[in-house]
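Structural overview
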Amino acid sequence: MTLEDSAGPKPSEPDDLPALERLLDANFNRAGEGLRVVEDVLRLARNDSVLSRQAKRIRHSLADILLELDLRSFLLARNVAEDVGRTVQTEQELFRESADDLLVANLKRTQQSLRVIEECLKPTSRRLATRAEELRYEVYQLEHAACAGEWGRRQLEGSTLYVLSDGGRDLVPFESLMRELVAAEVDVIQLRDKSLDDRQLLARGEVLGRLTKESTTRWIMNDRADLAVLAGADGVHLGQGDVTVAQARRLVGPNRWIGVSTHSLEQAEQAVLDGANYIGVGPTFASPTKSFEWLCGTDLIAQVAASIAIPFFAIGGITLDNVDRAIRAGAQRIAVGSAITQSSSPSAVVREFRGKLKAAGCGACRPIKSI
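Quick look at the structure, then.

The rules behind these values
Residues numbered from 1 in each chain as written. Predicted model: local features only at pLDDT ≥ 70, side-chain atom pairs only at ≥ 80, totals over all residues. Heavy atoms only, no water. Helix = DSSP H or I, 4+ residues; strand = E, 2+ residues; numbered from the N terminus. Buried < 20%, exposed > 50% of the residue type's maximum accessible area, 1.4 Å probe, protein only. Contact = heavy atoms within 4.5 Å. Areas by Shrake-Rupley, 256 points an atom, 1.4 Å probe, with all protein chains shown as cover. Pairing = 2+ DSSP bridges. Right-handed = clockwise from strand over helix to strand, strands pointing away. Axes fitted to C-alpha atoms, helices over the stretch in contact; angles between N-to-C directions. Parallel < 35°, antiparallel > 145°, perpendicular 65-115°, else oblique. Left-handed = near helix turned anticlockwise from the far one by under 90°. Nonpolar A, V, L, I, M, F, W, Y, C, P; charged D, E, K, R; others polar. Phe/Tyr/Trp six-rings, centres within 6.5 Å; stacked < 30°, edge-to-face > 60°. Core = buried A, V, L, I, M, F, W, Y, C linked by side-chain atoms within 4.5 Å. Salt bridge = Lys/Arg side-chain N within 4 Å of Asp/Glu carboxyl O. Polar contact = N/O pair within 3.5 Å; in protein donor to acceptor, adjacent residues only side chain to side chain. Expected span 1.5 Å × (residues − 1).

A few words now on the overall build of the chain. A count of helical and extended segments in the chain gives 14 helices and eight strands. Considering the chain as a whole, with its 371 residues, one finds that 48% of them fall into the buried category. When contacts within the chain are restricted to residue pairs at least 6 apart in sequence, long-range pairs at least 24 apart make up 67% of them. As displayed, the chain has an accessible area near 18,500 Å², and 50% of this comes from carbon and sulfur atoms.

Below, the structure is given as structure tokens:
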């Protein structure tokens, strides 16, 4: 290994350099092997192109560190025959029941190996030790995103119809509409109203909480993570200009959904990496109740369907007349606003949307209420 200058005292070559090289050899191998398993599980078991690419990038970055070191000295320091750890195994090492078990075990294996690499590089290369530390934190974030995405998939399994509603000017008609939507077994209701003050939003949230408590319907607060907690919502939905996923998570805790509105493939991929549980994709079509500066159209749906593994809802101007176009583009879930909430018979329109989604094979089972 090459010693290098730094802002502090110049490192001196340790007396036990061969032992450090043996440690580094073993842990570069472990970390690389672990990342390969992680990458393959994300790619082939979860079909997650975003996170599998991230795992591949980290693996290549690890290889770049190794290229700066003396690989020959590592190989010469290797002593497989006298490795006392070859015969030491625990029951936990042999226990793998699923692809999820493989993923978790190998993420942990990679993190631990990167820590050993970091510590072993400190005596000779503070710069490379720092790079190993950075990779370790990137693996932590990869683990977080993988967990958030899988939890979102399980929570939203079978959920295909998401309804967006304002709070209305009066509480009584709002409650009547929400009661009808819950009775029609809408999967998710989002309360979205920028004209109401906080107390009015909380009052509507209390209505939704009471109506959905014993149902399969979940309800989401738009924008406001703080009000989502106060009102007992099942989650919060964030726009691109709202607080980050990490900031919202600190407020809502581990057991509430966090959704993110995305208007490009890049935003969708970033939401995955940030740890969103689901995303909204759009706006897809022109809306009679909301003006958009631009429309993403069905092309974005097709892009997201081909590369994003977490649940996504196509949103924006979706009606009974155009929903088939969204489904053909790859949408398995849709978010609908005025086409349902402003109809003369919301429950009848819900049934028609359900019929179209079912005919297209979207969704197979109902979610289990967990909050």
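From this point, the discussion proceeds with the structure in view.
Okay, the pairing of strand 6 (residues 278–281) next. Neither face of strand 6 is left uncovered, since the one carrying Tyr278 and Gly280 and the one carrying Ile279 and Val281 both have all their residues buried. Relative to strand 6, strand 5 (residues 257–262) is paired through four bridges, and the arrangement is parallel. Note on strand 6: the bridge partner recorded for serine 261 is glycine 280. Crossover connection from strand 5 via helix 10 (residues 265–274) to parallel strand 6: handedness right-handed. Two strands pair when backbone bridges link them, and strand 6 and strand 7 (residues 312–315) are joined in this way by three bridges, in the parallel orientation. The partner of glycine 280 across the bridge, within strand 7, is phenylalanine 313.

We now examine the sheet that holds strand 1 (residues 161–165). Reading around the circumference, 1-2-3-4-5-6-7-8 is the order of the eight strands in this closed barrel, with parallel pairing throughout. Across this sheet, the average inter-strand angle for adjacent strands is 25°, counted without regard to direction. The strands that helix 10 touches are strand 5 and strand 6; relative to strand 5, the one it contacts most, it runs at about 160°.

This next bit is on the packing of helix 6 (residues 171–183) against helix 14 (residues 346–359). At their nearest, the axes of helix 6 and helix 14 sit 9 Å apart, and the two run at 30° to each other. Taken together, the axes of helix 6 and helix 14 are roughly parallel relative to one another. In this structure, helix 6 crosses over helix 14, and the sense of that crossing is right-handed. Facing Leu177, Glu180 and Leu181 of helix 6, the residues of helix 14 in contact are Pro346, Ser347 and Val350. Residue composition of the contact of helix 6 with helix 14, grouped by class: four nonpolar, one polar and one charged.

Before going further, it helps to examine the packing of helix 4 (residues 99–121) against helix 5 (residues 126–155). Direction vectors running N to C along helix 4 and helix 5 enclose 165°, while the axes themselves pass 8 Å from each other. Judged by the angle between their axes, helix 4 and helix 5 are roughly antiparallel. Two packed elements cross with a definite hand, and for helix 4 against helix 5 that hand is left-handed. In terms of residue class, the contact of helix 4 with helix 5 is built from 13 nonpolar, two polar and ten charged.

Applying the stated criterion across every chain, the model contains five aromatic pairs. Geometrically, the ring pair formed by tyrosine 137 and tyrosine 140 is edge-to-face, given 5.4 Å between the ring centres and 85° between the ring planes. Within this pair, tyrosine 137 and its partner tyrosine 140 are both found in helix 5, separated by three residues, close to a single helical turn.

With that settled, consider the nonpolar core. Within soluble globular proteins, side chains that are nonpolar generally end up buried alongside one another. Counting 89 residues, the largest nonpolar core has Ile117, Leu161, Leu181, Ile279, Ile340 and Phe353 as the members making the most contacts within it. Beyond its immediate sequence surroundings of up to four residues, leucine 181 is in contact with Val163, Val186, Ile189, Ile340, Pro346 and Val350. With nine residues, the next largest nonpolar core counts Leu156, Val188, Trp257 and Ala335 among its residues.

Our focus in this paragraph is unusual backbone geometry. Residue glycine 282 is joined to proline 283 through a cis peptide bond whose omega torsion reads 5°. Within the fold, proline 283 resides in the loop between strand 6 and helix 11 (297–307). Although it is not a glycine, glutamate 185 adopts a positive phi angle of roughly 65°. Along the chain, glutamate 185 falls in the loop between helix 6 and strand 2 (188–191). The class of glutamate 185 is partly exposed, set by a relative accessible area of 45%. Phi at aspartate 223 is positive, roughly 70°, even though this residue is not glycine.

This paragraph deals with the pattern of salt bridges. Across all of its chains, the model carries 26 salt bridges by this definition. Salt-bridge contacts for glutamate 39 lead to arginine 59; the nearest nitrogen and oxygen are separated by 2.9 Å. Taken as a pair, glutamate 39 in helix 1 (residues 17–45) and arginine 59 in helix 2 (residues 49–67) lie far apart in primary sequence, 20 residues in all. There is no split in this pair, since glutamate 39 and arginine 59 are both buried. With a closest N to O distance of 3.1 Å, arginine 354 and aspartate 187 form a salt bridge. In this pair, arginine 354 sits in helix 14 while aspartate 187 sits in the loop between helix 6 and strand 2, placing the two residues 167 residues apart along the sequence.

The next thing to look at is the side chain of glutamate 175. Here glutamate 175 lies in helix 6. At a separation of 2.8 Å, a polar atom in the side chain of glutamate 175 contacts the side chain of arginine 210.

Another point: helix 2. Between its first and last C-alpha atoms helix 2 spans 27 Å; for 19 residues at 1.5 Å apiece the expected length is 27 Å, and the two agree. Within the span of helix 2, buried status applies to Val50, Leu51, Ser52, Gln54, Ala55, Ile58, Arg59, Ser61, Leu62 and Ile65. The backbone nitrogen of valine 50 has a side-chain oxygen 3.2 Å away, supplied by the residue at the start of helix 2, namely aspartate 48.

Below, the discussion takes up the environment of valine 236. Along the polypeptide, valine 236 turns up in strand 4 (residues 235–238). Between the C-alpha atom of valine 236 and that of arginine 249, which follows or precedes it by 13 residues, the distance is 9.5 Å. With residues near it in sequence (within four places) discarded, valine 236 still touches Ile220, Met221, Asp223, Arg224, Ala225, Ala228, Ala248, Val252, Trp257, Ile258 and Gly259.

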